[in-house]
Amino acid sequence: MKLGEKQVLTVVKIVDFGVYLGNDEERVLLPKKQVPQGIEVGDPIEVFLYKDSSDRMIATTNEPKLTIGKTAVLEVTDVGRIGAFLDWGLEKELVSDIFYEGNGERCENAFFIGDDFVLKFTSDFDEMQNHISLAKSLENVGLLTAVPVKTNSGEEYVFDSGIYFYLTRRIKGKAVTAQSFYTDATTTKEESKVRFIGEILGQLSILLKDVQMQAKEINLSNDISEWILPKGKELFPEHALFLQKKLNELKGLFNRGDDELPRQIIHRDPNPSNILMTDKQWGILDFDLAERNIRIYDPCYAATAILSESFEASNDQKLQKWCKIYKNILYGYDSVAKLTKTEWKAAPYVVLANQLVCTIWFSKKEQYQELYEINKKMTWWIIEHFDQLRFEED
């Protein structure tokens, strides 16, 4: 394959979002809207190969105004901070990266396809099935969520080279950002944005309670003994005794039974960027990590996710506001899905356990060392201000 030149390539695979051209060793995607009608595997197509904004090779049937080794006069379409943009006859952003609004991080398992679709991929079949099953169940009760677009043959996913691909329609809405919560953190009005997020998670909890599906069973009490506490003491040796005391107290709360710490299907990843707001609806994205766990994990996770995306170790005023954010999320949740007395008591312990889980995960990922350092500082702060996270209700 020759980048920057026109050439004839063979169709080797047809998928719902386009066709792959090339051979068994080297392939390039031709997006669906440029695929000639009636195309079949083995047919030749003349295309031009170039790289998109994410540095991926892509094919187009459009006629370029400029190819390698030639010169041409091109129209300037825009001038920006990094230079001038020229019209060379090709579409922009056919396949583009997804960036989370809250922290600017690039999504590693999905791309936008044009303006209307999202292509997701994973090597974990159960993870994909979690998302598809929950998205369909929640759509049936009127929740705005990303259900798969079926292929021409009626399948919900495509399996290729050890990877599962599935296409969903892009939900057009505004993602919630962590910073936006701080203006509402001190209000006690029921319509507070912070409490509203808690109410959304409470409504989601009620919907998920009746969902029938296979899901990973998480025993947080066992996880504390087997790896959370040992690894936590290794990462925070100066707080080893504190961690042992608090996590053992949480284990003791589990002994009160499921009626006091109810278990059910939970989202497991309700960070702000996974909550979308439209004029008439709210929606939840990414059920890939859904599992069966204590239900209070979701609102506690949401609170720590907001802290992670807005953390400033030296800004005590902001950190004190976060304490109010955390409590208002739980108050909002409770107004919809009534919390038990044990859940109120468990909340700060679950925040601590979840923060340790996140820090341990980031410690194993070389590409996330900056986030690891931020989460270490967050864990320190939570340990040192643990009593501020308690509720009068416990």
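As a reminder, the structure under discussion sits directly above these lines.
Scope of this entry: the structure provided in the associated data block. Being a predicted model, the structure only gives us computed values, none of them experimental. (Residues numbered from 1 in each chain as written. Predicted model: local features only at pLDDT ≥ 70, side-chain atom pairs only at ≥ 80, totals over all residues. Heavy atoms only, no water.)

The number of helices and strands found in the chain is eight helices and 18 strands. When each of the 394 residues of the chain is scored for burial, the buried share is 51%. If you take every contact in the chain between residues at least 6 apart in sequence, the share linking residues at least 24 apart comes to 66%. With an accessible surface of roughly 19900 Å², the chain has 47% of that area assigned to carbon and sulfur atoms. (Helix = DSSP H or I, 4+ residues; strand = E, 2+ residues; numbered from the N terminus. Buried < 20%, exposed > 50% of the residue type's maximum accessible area, 1.4 Å probe, protein only. Contact = heavy atoms within 4.5 Å. Areas by Shrake-Rupley, 256 points an atom, 1.4 Å probe, with all protein chains shown as cover.)

Attention now moves to helix H8 (residues 369-384). A rise of 1.5 Å per residue sets the reference length of H8, with its 16 residues, at 22 Å; its end C-alpha atoms lie 23 Å apart and thus fit the reference within 8%. Within the sequence span of H8, burial applies to Leu 371, Tyr 372, Asn 375, Met 378, Thr 379, Trp 381, Ile 382 and Ile 383. Packing partners of the buried residues in H8 comprise helix H3 (220-235), helix H4 (240-254), helix H5 (297-310), helix H6 (316-336) and helix H7 (341-363). (Expected span 1.5 Å × (residues − 1).)

It is worth spelling out empty space enclosed by the protein at this point. Per the stated rule, a full pass over the model turns up two cavities of 30 Å³ or more. Taken as a whole, the largest cavity encloses approximately 50 Å³ of empty space. Taken together, Asp 16, Phe 17, Val 149, Thr 151, Glu 156, Tyr 157, Val 158, Phe 165, Tyr 166 and Leu 167 make up the lining of the largest cavity. When residues in the lining of the largest cavity are grouped by element, the largest group, three residues, is from strand S12 (residues 163-169). Of the residues belonging to the lining of the largest cavity, the class tally is seven nonpolar, one polar and two charged. Approximately 40 Å³ is the volume found for the second largest cavity. Around the second largest cavity, the lining residues are Leu 201, Leu 204, Ser 205, Leu 208, Gln 264, Ile 265, Ile 266, Arg 295, Asp 298 and Tyr 333. Mapped onto the lining of the second largest cavity, the elements with two or more residues apiece are helix H2 (193-209) and strand S15 (263-266). Of the residues forming the lining of the second largest cavity, the biggest block, four residues, is contributed by H2. Among the residues forming the lining of the second largest cavity, the class breakdown is six nonpolar, two polar and two charged. (1 Å grid on protein atoms, 1.4 Å probe; cavity = no way out; pocket = protein on both sides within 12 Å on 5 of 7 lines; lining within 4 Å. Points joined across faces, edges and corners; volume = space filled by probe spheres on them. Nonpolar A, V, L, I, M, F, W, Y, C, P; charged D, E, K, R; others polar.)

What follows deals with the environment of Gly 173. Note on placement: Gly 173 falls in the loop between S12 and strand S13 (174-175). Each C-alpha atom of the pair Gly 173 and Trp 282 lies 8.3 Å from the other, and the pair is 109 residues apart in sequence. In this view, Gly 173 contacts Leu 276, Met 277 and Thr 278; residues no more than four positions away in its chain are not counted.

Let's shift gears to the sheet that holds strand S5 (residues 57-60). Overall, antiparallel pairing links the five strands, which are arranged S3-S2-S1-S4-S5 in an open sheet. A single partner strand is all that each edge strand has here, and the edge strands are strand S3 (27-31) and S5. Between one strand and the next, the sheet's axes are offset by a mean angle of 50°, whatever the strand orientation. The pairing of strand S1 (residues 6-15) with strand S4 (residues 44-51) spans five bridges and is classified as antiparallel. Residue pairing for S4: Gln 7 is matched across the bridge by Val 47. (Pairing = 2+ DSSP bridges. Axes fitted to C-alpha atoms, helices over the stretch in contact; angles between N-to-C directions.)

This part is about the side chain of Asn 328. If you trace the backbone, Asn 328 turns up in helix H6. For Asn 328, a relative accessible area of 5% gives the class buried. Polar contacts involving the side chain of Asn 328 include one to the side chain of Arg 195, which spans 2.9 Å. (Polar contact = N/O pair within 3.5 Å; in protein donor to acceptor, adjacent residues only side chain to side chain.)

Taking 1.5 Å per residue as the helical rise, H3 with its 16 residues ought to reach 22 Å, whereas the 19 Å between its terminal C-alpha atoms falls clearly short. At Ile 228, H3 shows its maximal kink, close to 40°; a proline, Pro 230, follows between one and four residues later. Regarding H3, the residues found buried are Leu 220, Ser 221, Asp 223, Ile 224, Ile 228, Leu 229, Gly 232 and Leu 235. Each element contacted by the buried residues of H3 is listed here: H4, strand S18 (291-294), H5, H7 and H8. (Bend = angle between axes of the 7 residues up to and from the residue.)

Once that is clear, we can look at the pairing of strand S9 (residues 106-113). As judged from the four bridges shared by S9 and strand S10 (residues 117-122), these two strands associate in the antiparallel manner. By the bridge assignment, Ile 113 is partnered in S10 with Phe 117. Between the antiparallel neighbours S9 and S10 lie three residues, among them Gly 114 with a positive phi of about 65°.

Once that is clear, we can look at the pairing of strand S2 (residues 18-22). Burial analysis of S2 places five of its five residues in the buried class, the great majority of the element. Judged from the four bridges that link them, S1 and S2 form a sheet pairing that is antiparallel. When the sheet's bridge partners are listed, Lys 13 is paired in S2 with Tyr 20. Taken together, S1 and the strand that follows it, S2, pair antiparallel across an intervening segment of two residues. Here S2 pairs with S3 via five bridges, running antiparallel. Paired with Gly 18 across the bridge in S3 is Pro 31.

Worth remembering: the numbers are spatial, not functional.
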